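Geometric and topological summary
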Amino acid sequence: MKKIFFGLMCVGLLNVSTSCSDFLEEKPKSEMSTGQNFSAPSHAYNAVNALYRKGAPEFYGTGGVYMPTAATLGGYLSGFFDNEYKGQEVVADYSQKLSITSKNIAGTMDGIWDGCYGAISRANTAIKYIDKTPDLQQSEISTLLGEAKFFRAFNYYYLVKFFGDVPLITEPYESSENMYVARTASAEVYALIVKDLKDAVASLPNEAFTNNKHRITKNTAETLLADVYLNMSGFPLQSNQYAAAATAARNVINSGKHKLIENGATPETSAYNVMRTEDNNIEYVYTYESDASISTNSRPQISMPNIAATWGIFKYSITNNAYRPVKQYLNVYDREKDLRIQERQFFHTTYTYEKDGQTITKVFPENASPAPWLWYDESSMLSTGKCGKDLAVYRYAEVLLIAAEAIAQSEGVTAEAVKYLTDVRARAYTTTSRSAIEASLTGLSKEAFVQQVWIERMRELPLEMRIWSDIQRTRMYPKTSDSAPGTVTFVNVVGAVNPWGQTFQTKHLLWPISDNEMQRNPSLVQNPGYEND
């Protein structure tokens, strides 16, 4: 069974009860007290199901054709990604120009802040009342609490990376008291994230995400925990949790529940084209779910340049290459060896179609090329105008890269660390022997090896939107050149110049809290550098 559409998706949270016919639909029906709201098992399930669609998860899955998912914001701030409609979607333009302020992107920051805290409020309510719900089996209570804690952790993780210190709220709002909460130190926020994820790991099923009806599993929680530990080890905390990150990643690897997609015999059946077309592969550790009949996404529309809408062949009236990697990013790939940069793998630069008995090939304009081929969907573009393809949040390839980096940082460049990095690179370097890849990595210094992992993360995860998070935690900015594609050096991000000629300052490592939120909550203090916007 691919999806979790089984009639349980309802709000069912603080002072609201809803009923619905499908996992992705929400139809508020009546006002109820919290006690009434958790008076039957369905209420507890509804409360948790809502968390799959709220806050940080939807930042990876929702968005429009002009401005894609909120998770792309870091790509714009890094300077490595562009949007054809940035004149209209000014947050992309301001991010590239490093001219963001608490006022000029207030609406976007409100969406991040409100979305995450709305989800956290729902999770807090679920966590408090699930085990008080009558007629739930203990196994159900354990699983539902694990899922609720996963999503509370996920939302706090998104907030703390975005804004740094944030208010830490762990109880549902059930009165008007203590409405204005001050910011909590990031270390304390991370402590809750880790605790929640450990609790989730202990209570969730040890299964592959796609074999668990696309519900959160022990391995999903362990993957997020590994990522959290990796980020805690870097800036700003510098807490050195590399050994813990290695343990969590190893647990996923050793579970045997996930593996990499293998390449087929042709470019059209490569692992990356399987990712483009298939939702149920066990490489996916966590995806944001869509369905063409219930909750569609605009991803296919942003797989083509704006001009493609004029060709008269697509079901959509608007297309827009809203997340285009610029050449400085593309230079991270070895164009001769790396399958991922070849046409119709991760990206594409042309499109061929039949019309009026003619075969026509269009070359994309330079300022709109390449576009994300990984997000192209034939059915929705050519037939239905509705896309139900899921979007990957975590893949097993990232687990291997986390393990490689964490092991190298905590134990040195071991054969195990080399193996995990080689696993990911060898899939893409189809004309290079595995032994040659291993030989090139074995014997590297720890610093050199870790930088190879950072480079591989850029190559493997461009459309999981990890680039800015990696810059934040490492404080290093990648530099490439047209003359040496595949070669990357790293410089301190503070003082580095982005592809748009702008220089990063320390303040840019965090986003500003919205001016609107600052006015709403007098207990907040603005992030340094944005106080006088």
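Notes on the structure follow. (Residues numbered from 1 in each chain as written. Predicted model: local features only at pLDDT ≥ 70, side-chain atom pairs only at ≥ 80, totals over all residues. Heavy atoms only, no water.)

**Some thoughts on the side chain of D470**
- Position of D470 relative to the elements: it lies in helix 17 (residues 467-474).
- Overall, the relative accessible area of 10% leaves D470 in the buried class.
- Discounting residues that sit within four places of it in the chain, D470 has contacts with R457 and R475. (Helix = DSSP H or I, 4+ residues; strand = E, 2+ residues; numbered from the N terminus. Buried < 20%, exposed > 50% of the residue type's maximum accessible area, 1.4 Å probe, protein only. Contact = heavy atoms within 4.5 Å.)

**Observations regarding the pattern of salt bridges**
- Under the defined criterion, the tally for this structure stands at 35 salt bridges.
- The closest approach of N and O atoms between E456 and R340, which form a salt bridge, is 2.6 Å. Of this pair, E456 sits in helix 16 (residues 446-460) while R340 sits in the loop between helix 11 (327-330) and strand 6 (347-348), placing them 116 residues apart in sequence. Both residues of the pair, E456 and R340, belong to the buried class.
- The partner of R434 in a salt bridge is D423, with the nearest N and O atoms 2.6 Å apart. (Salt bridge = Lys/Arg side-chain N within 4 Å of Asp/Glu carboxyl O.)

**Details of helix 13 (residues 396-411)**
- Taking 1.5 Å per residue, 16 residues should reach 22 Å; helix 13 reaches 22 Å between its end C-alpha atoms and fits that length.
- Within helix 13, 13 of the 16 residues are buried, which leaves the element mostly enclosed by the surrounding structure.
- Positive phi appears at G412, one or two residues downstream of helix 13, with a value of about 100 degrees. (Expected span 1.5 Å × (residues − 1).)

**As for the pairing of strand 10 (residues 391-395)**
- Within strand 10, five of the five residues are buried, which leaves the element mostly enclosed by the surrounding structure.
- As defined by bridge partners, strand 4 (residues 284-288) adjoins strand 10 across four bridges and the pair is classed as antiparallel. Bridge pairing in strand 10 places T287 opposite A392. (Pairing = 2+ DSSP bridges.)

**Some points on unusual backbone geometry**
- Omega for the peptide link from F235 to P236 comes to 0 degrees, which places this bond in the cis form.
- One can find P236 in the loop between helix 8 (218-233) and helix 9 (242-255).
- For the bond from S369 to P370, the omega torsion is -5 degrees, close enough to zero to count as cis.
- Here the phi dihedral of D135 falls at roughly 75 degrees; this positive angle occurs in a residue that is not glycine.
- When you line up the elements, D135 lands in the loop between helix 5 (106-129) and helix 6 (138-163).
- At K213, a position not held by glycine, the phi torsion is positive, near 55 degrees.
- The topology assignment puts K213 in the loop between helix 7 (186-203) and helix 8.
- For K213, a relative accessible area of 43% corresponds to the partly exposed category.

**So, the packing of helix 13 against helix 16**
- Packing of helix 13 against helix 16 brings their axes to within 9 Å, and their N-to-C directions diverge by 165 degrees. With respect to each other, helix 13 and helix 16 are oriented roughly antiparallel. As for how helix 13 packs across helix 16, the hand of that crossing is left-handed. Taken together, the residues of helix 16 that come into contact with helix 13 (itself represented by A397, E398, L401, I402, A404, E405, A408 and Q409) are K446, F449, V450, V453, W454, E456, R457 and E460. (Axes fitted to C-alpha atoms, helices over the stretch in contact; angles between N-to-C directions. Parallel < 35°, antiparallel > 145°, perpendicular 65-115°, else oblique. Left-handed = near helix turned anticlockwise from the far one by under 90°.)

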